[in-house]
Amino acid sequence: MAQRAQIQGFMDEEAVAYGEGPFQYMIAFSAFAATVVFLTHAFSFRLTARSMDHWCRPPDYLSNMTDAAWKEMAIPKDDKGTRQSCMVLDPPDVGDPSAVPVSCSSWHFDLEQYGNTIVSQWSLVCQRKWLVMLAVALSSTSPIIGMPIVGIAADTYGRKSVIYVTLPFVIVAAAASSVTRSFAAFVSMRVVVSVTSTSVLVLVFVLLYEVSSGKRRLQYWFASTALAYVSLPVAFFATNSLKLDWDDFYRYLAALNCVLLLFYYTVDESPRWLLVKWKVHEAERVALQGCSPEQRPSARLPR
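Predicted, not measured: the structure shown is a model, and the values here were computed from it. (Residues numbered from 1 in each chain as written. Predicted model: local features only at pLDDT ≥ 70, side-chain atom pairs only at ≥ 80, totals over all residues. Heavy atoms only, no water.)

Here the focus is unusual backbone geometry. Non-glycine residue C126 carries a positive phi angle of around 55°. Phi angles above zero are rare outside glycine, and W278 is one such case at about 60°. Position of W278 relative to the elements: it lies in the loop between α12 (271-276) and α13 (280-290). (Helix = DSSP H or I, 4+ residues; strand = E, 2+ residues; numbered from the N terminus.)

For the rest of this paragraph, the subject is the UniProt feature "transmembrane region" (unreviewed entry) in the protein. As recorded in UniProt, the sites labelled "transmembrane region" (unreviewed entry) are residues 23-43, 130-150, 162-179, 191-212, 218-237 and 249-267. Annotated as residues 218-237, this span is 100% helix and 0% strand, and its ends, taken at the C-alpha atoms, are 29 Å apart. (UniProt positions renumbered as here; feature names shortened; annotations may be inferred.)

Turning our eyes to something else, we now look at the state of the cysteines. This model, assessed by the stated rule, comprises two disulfides. What pairs with C86 in a disulfide is C126, and their sulfur atoms sit 1.9 Å apart. The disulfide joining C86 to C126 has a torsion of about -90° about its S-S bond and is therefore left-handed. Of this pair, C86 sits in the loop between α4 (67-74) and β2 (87-90) while C126 sits in the loop between α5 (118-121) and α6 (130-157), placing them 40 residues apart in sequence. With its disulfide-bonded cysteines labelled consecutively along the sequence, the protein is connected as 1-3, 2-4. (Disulfide = S-S within 2.5 Å.)

Here the focus is empty space enclosed by the protein. Over the atoms, a rolling probe the size of a water molecule traces out where space has been left empty. If you walk through the whole model with that rule in mind, you get two cavities of 30 Å³ or more. Size it by volume and the second largest cavity reaches roughly 80 Å³. Lining of the second largest cavity is provided by 13 residues; of these, L47, R50, Y114, L244 and F249 occupy positions nearest its centre. Taken together, the residues of the lining of the second largest cavity break down into five nonpolar, five polar and three charged. (1 Å grid on protein atoms, 1.4 Å probe; cavity = no way out; pocket = protein on both sides within 12 Å on 5 of 7 lines; lining within 4 Å. Points joined across faces, edges and corners; volume = space filled by probe spheres on them. Nonpolar A, V, L, I, M, F, W, Y, C, P; charged D, E, K, R; others polar.)

Along the polypeptide, S44 turns up in the loop between α2 (22-42) and α3 (45-48). Residues contacting S44, with those up to four places away along its chain left out, are R190, F236, F249, Y250 and L253. (Contact = heavy atoms within 4.5 Å.)

Attention now goes to the nonpolar core. Judged by nonpolar contacts, the single largest core of 35 residues is most densely connected at I118, L124, F183 and F186. Ranked by the residues each element gives to this core, the list is headed by helix α10 (residues 246-257), at four residues. What I118 contacts, discounting residues up to four positions off in sequence, is F45, T48, A49, S123, L124, F186 and W246. In this structure, V162, L167, V211 and V267 belong to the second largest nonpolar core, which totals 31 residues. (Core = buried A, V, L, I, M, F, W, Y, C linked by side-chain atoms within 4.5 Å. Buried < 20%, exposed > 50% of the residue type's maximum accessible area, 1.4 Å probe, protein only.)

What follows is the structure, given as structure tokens:
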């Protein structure tokens, strides 16, 4: 009966067996770190997919011309008198009555504005602009497919196990997206980062829910998310001021992701999940690891 009562204490939604202590604080820190990583990746396209001024690239035999001279000679104006960014005269001579505007096949970019972004790296402007929206859409929606699989795995193998397996994919995919020179590979890596960073975020918050009491749960959630949202503008302002190229920015994010390696120290299994799987003594070990000293029991569960 005593063992049954103690197990019921573990499962109580409004209480935490043996009280709350360092374990809950470490999980709350993990939730903060996971939120920072998730947000930086989720909003990364705001910095790396910005479109700067661009104009049609001159042919090789005119490559020695200055930008101003080339624009004056070959870039037509619209009805408002603004130089068009997607059209060029063919042949490239304003004075030639036979010259007609045609679509560009390659572009020059004003890298002084934002540095080299993915837009300038892969010429994602004009008729190729839709590729930016495709990359953002795939990155944003891919967790819809990945999360059910991750959820089933977490319920089957445990929250900690799935988090531990997922972490390397976040870091490696983030680093890989900074070195690839293939747009398809870049988008693929961003999809992997999106799915894995979202998975880590959700699982850590599930874990935080399961190890905290109803009285403290909202405090943990608010503190971890509020600090993350406050930190995000500071980090983005700093990187924006440096005008990092897109690959340097993603290398910066990959380095930031290394904070997730602390999860191998701060994250342990959910006692509730362990009890559902009838791993009672393992659940007690986790609970004792993080309990408050004044509520530490004098006796362990009988084996």
